[in-house]
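A look at the structure
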Amino acid sequence: MATTAPVHPVDEVPPVRQLAAFGLQHVLAMYAGAVAVPLIVGSAMKLSAADLAYLITADLLVCGIATLVQCVGFWRFGVRLPIMQGCTFAAVSPMVLIGTTGGGLPAIYGSVIVAGLAIALLAPVFGNLLRFFPPLVTGTVILIIGVSLLPVAGNWAAGGQGAKGFGEPKNLALAGFVLLVVLGVQRFAPAFLSRIAVLIGIVVGLAVAVPFGFTDFGGVGDADWLGISTPFHFGTPTFHASAIASMLVVALVTMTETTGDLIAVGEMTDRRVEPRTLADGLRADGLSTVLGGVFNTFPYTAYAQNVGLVGMTRVRSRWVVAAAGGILVLLGLLPKLGAVVAAIPAPVLGGAGLVMFGTVAASGLKTLAQVDFKGNDNLTVVAVSVAVGMLPVGVPTVYAQFPDWFQTVMNSGISAGCLTAIVLNLLFNHLPGKAGSPTKDAEPGEASATA
């Protein structure tokens, strides 16, 4: 009798009940970050409340479409791994500058469309650079991704950046309670429930938060039942050279960040990313960014917080994240549902975020465990890369006196650390060695560190 080939965990389709629960968990993990970009840009441009709401629903709709393209894929678009897509924070500062001084939303969308086309065209080039991401580099980048996200979780736990009562003990107590619930469920609950520990923690945290006055659902009643984003709602895109130039720099940054995220998910799911699949994933980023410019939203990239969720839950199916994409599409079409999710208080998300982002960092350490650190300079590569990556995280204004293009690249700890790791790996492991030093080919374990 013929036997069917085993299905890789990435391609498994869980039952509908599990798809919905796991998918909702991914949505809750990324929702705050997804809506933050349109809120920041729209508020800086002093848009009306109605226009802000429109930006958010448009963003959620395209987030969902972008996630479906990345996970399900078609032709040469989509990495076909459990990758959640959302607006990149790397574009916030340039977009605020363009929107307030360089032509408003039409100029932003013109530059976003050009950047998306550039990403799609450059995807094969980046795919061929995969050989420069050995475990030494990928482990360092994954570690930097996780550690650089921890302040985000800390801000949420304290109540949300700029919130009234930021840092009050009650906020940290709620975040700590959610963290304990997540850990308790993961340790003691049956297998299925342990895989949705973050979702359970958020639901229990929300149930506790409501009676203690952490949030209210007043905005749900004001939200519309149906909202459809139409192309070029804010006017026909305009194309300004300076705006396009700054957004092209952002495109290179987001491609670098996405490359790190895709490699991280490939490591976690035991389906290593190859040059072709990396190019397919980046090409999907480009398509999503073009759609963002058409449907009144912004550039898209892989979301690192959901990478952490994949590692924590060990649920590797891409169809779970595709289900999350479907939920986001619904949230984008049904603003009232989006308002319900938006009512979740920041400390609840913070408690869950501490686990997820810490998991990303721990996954980086796991990858670095494959690297040989004896008789070579690999430790220096990791040390300096982490230091450079953490510099803008610990001192956000460190590059305030530098040109805008430099800030765009280096203010992202992920891109700064990634570029540093690539350059130092080339310097120490690929260029000819010092006179009298042992040759690199003679080093034991060199293949795992630099090849």
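To be clear, the structure that these remarks concern was listed above.
Residues numbered from 1 in each chain as written. Predicted model: local features only at pLDDT ≥ 70, side-chain atom pairs only at ≥ 80, totals over all residues. Heavy atoms only, no water.

Now for the overall build of the protein chain. Within the protein chain, the regular secondary structure consists of 19 helices and two strands. Expected size for 451 residues packed as a compact globule is a radius of gyration near 22 Å; at 22 Å, the protein chain falls within 12% of this value. Dimensions along the principal axes, computed over C-alpha positions, put the protein chain at roughly 75 × 60 × 55 Å. In the protein chain, the share of contacts with a sequence separation of at least 24, taken over all contacts with a separation of at least 6, comes to 83%. (Helix = DSSP H or I, 4+ residues; strand = E, 2+ residues; numbered from the N terminus. Rg over C-alpha atoms; globule rule 2.2 N^0.38 Å. Contact = heavy atoms within 4.5 Å.)

So, on to the packing of aromatic side chains. Inspection of every chain in the model, using the stated rule, returns seven aromatic pairs. Seen from their ring centres, Tyr 399 and Phe 402 are 5.6 Å apart, and the 90° between their planes marks the pair as edge-to-face. By relative accessible area, Tyr 399 is classed as buried at 9%. By relative accessible area, Phe 402 is classed as partly exposed at 40%. Aromatic side chains Tyr 399 and Phe 406 sit 5.4 Å apart centroid to centroid with 75° between the ring planes, which places their arrangement in the edge-to-face category. Taken together through their ring pairs, the aromatic side chains of Phe 74, Trp 75 and Phe 77 make up a single cluster. (Phe/Tyr/Trp six-rings, centres within 6.5 Å; stacked < 30°, edge-to-face > 60°. Buried < 20%, exposed > 50% of the residue type's maximum accessible area, 1.4 Å probe, protein only.)

All right, on to the environment of Trp 156 then. Of note, Trp 156 is situated in helix H5 (residues 135–157). Judged by its relative accessible area of 12%, Trp 156 falls in the buried class. Sequence separation between Trp 156 and Phe 166 is ten residues; the distance between their C-alpha atoms is 9.2 Å.

Counting 110 residues, the largest nonpolar core has Met 95, Ile 108 and Phe 298 as its most contacted members. Ranked by residue count, the leading element in this core is helix H1 (residues 16–44), at twelve residues. Leaving out residues up to four positions away in the same chain, Ile 108 has contacts with Val 41, Met 45, Met 95, Ile 98, Gly 99 and Phe 298. Counting eight residues, the second-largest nonpolar core is a separate cluster that includes Leu 136, Val 371, Val 382 and Leu 424. (Core = buried A, V, L, I, M, F, W, Y, C linked by side-chain atoms within 4.5 Å.)

Below, the discussion takes up the side chain of Thr 301. Along the chain, the position of Thr 301 falls in strand E2 (residues 300–302). When its relative accessible area of 3% is taken as the criterion, Thr 301 is described as buried. Of the polar contacts made by the side chain of Thr 301, one reaches the side chain of Thr 258; its length is 2.5 Å. When residues no more than four places from it in sequence are discounted, the contact partners of Thr 301 are Met 84, Gln 85, Gly 86, Thr 88, Thr 254, Thr 258 and Asp 285. (Polar contact = N/O pair within 3.5 Å; in protein donor to acceptor, adjacent residues only side chain to side chain.)

Across all of its chains, the model carries seven salt bridges by this definition. Asp 11 is paired through a salt bridge with Arg 271; the nearest N and O atoms lie 2.7 Å apart. Here Asp 11 is found in the segment before H1, whereas its partner Arg 271 is found in the loop between helix H10 (241–269) and helix H11 (275–294), with 260 residues between them in sequence. Among the salt bridges present, the one from Arg 76 reaches Asp 280, with a minimum N-O distance of 2.9 Å. In this pair, Arg 76 sits in the loop between helix H2 (49–72) and strand E1 (85–87) while Asp 280 sits in helix H11, placing the two residues 204 residues apart along the sequence. By relative accessible area, which is 5% here, Asp 280 ends up buried. (Salt bridge = Lys/Arg side-chain N within 4 Å of Asp/Glu carboxyl O.)

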